[in-house]
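What the coordinates show
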Amino acid sequence: MSALPESVLEEIRELPAKYPQPRSAVMPALDLAQEEVGYLTPEAMSEVAAALDLDPGYVEGVATFYTLFHLQPIGRHRFYVCTNLSCSLRGSSAIVEHVKGAIGVREAGDVSKDGLFSYEEVECLGACEYAPMMRLDHEYHYDLTAQTITALVAERRAPLSAAAKASRSRARVPSPPRGEGQGEGRGPKKRAPRTKNIG
Ligand code: FES
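What counts and how
Residues numbered from 1 in each chain as written. Predicted model: local features only at pLDDT ≥ 70, side-chain atom pairs only at ≥ 80, totals over all residues. Heavy atoms only, no water. Helix = DSSP H or I, 4+ residues; strand = E, 2+ residues; numbered from the N terminus. Buried < 20%, exposed > 50% of the residue type's maximum accessible area, 1.4 Å probe, protein only. Contact = heavy atoms within 4.5 Å. Pairing = 2+ DSSP bridges. Axes fitted to C-alpha atoms, helices over the stretch in contact; angles between N-to-C directions. Salt bridge = Lys/Arg side-chain N within 4 Å of Asp/Glu carboxyl O.

Moving on, we get to the overall build of the protein chain. Helix and strand content of the protein chain: eight helices and four strands. The order of helices and strands in the protein chain, counted from the N terminus, is α-α-α-α-β-α-α-β-β-β-α-α. A buried classification covers 41% of the 199 residues belonging to the protein chain. In the protein chain, of all internal contacts separated by at least 6 residues, the share reaching a separation of at least 24 is 66%.

In this section: the sheet that holds strand β2 (residues 117–122). Reading across the sheet, the four strands line up as β2-β1-β3-β4 and stay open at both edges, with mixed pairing between neighbours. Strands with a single pairing partner mark the edges of an open sheet, and in this sheet they are β2 and β4 (139–141). Strand after strand, the sheet turns through a mean of 25 degrees between neighbouring axes, direction not considered. Summarising the sheet, strand β1 (residues 77–82) and β2 pair through six bridges and their orientation is parallel. Among the inter-strand pairings, Arg-78 is bridged to a residue of β2, identified as Ser-118.

This paragraph deals with helix α3 (residues 42–52). The set of residues buried in α3 consists of Ala-44, Met-45, Glu-47, Val-48, Ala-49, Ala-51 and Leu-52. Lining the buried residues of α3 we find α1 (6–14), α2 (26–37) and α4 (56–65). A positive backbone phi angle near 60 degrees is found at Asp-53, which sits one or two residues after α3.

Before going further, it helps to examine the pattern of salt bridges. By the definition in use, this model includes five salt bridges. Here Glu-10 and Arg-13 are joined by a salt bridge, their closest N and O atoms 3.0 Å apart. With Glu-10 and Arg-13 both in helix α1, this residue pair falls three residues apart, about one helical turn. In the salt-bridge network here, residues are joined through shared partners; they are Glu-6, Glu-10 and Arg-13.

What is shown is where atoms sit, not what they do.
Quick look at the structure:
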């Protein structure tokens with residue numbers, strides 16, 4: 001039995017036409033496969049390779065190189081909390097603790113009992129001026145507080161309308177390379193730098 005439904009394979013086959021280099025389609029294709037299955041199984045990767053007419057070893061190499069591709073089961077919603085310098089200086093360790101408490105896991109990579117959530121600590125996401133920040137699924141969230149995390153978790157535990165599900169699930173972004181800036185998501189809007197109140 002096929003790991004990916006025909007509708008997803010069809011979407012993957014159409015991807016190369018959108019890029020100057022057809023191989024560039026591998027990342028959005030893996031993203032589609034991961035969203036469909038939940039993580040990248042060997043079968044899903046090999047079907048991506050076949051759909052894009054690429055070498056399976058190349059596809060697997062891309063999947064293992066990028067941190068936002070997962071080869072093991074993960075939560076349906078993924079927190080990627082930046083713990084790099086700027087975020088660290090502005091309290092990312094407290095944010096990490098709050099995420100862990102809110103979703104009920106002990107360590108990065110653990111999946112919550114209800115299967116809804118997992119979290120990871122990642123390198124700079126390229127939005128340092130908004131620290132502490134994180135990516136939740138495909139959205140960046142800035143200037144994090146414990147209240148923000150609590151609200152985001154509660155929102156995702158609540159039943160969704162069909163329209164909300166569709167808008168939440170179809171925005172896809174490329175995954176960043178391991179150990180490098182990981183800020184290729186829906187990036188930050190420009191804003192004026194923070195100012196200090198003097199006197
Ligand atoms: S250090 Fe967190 S976004 Fe750069």
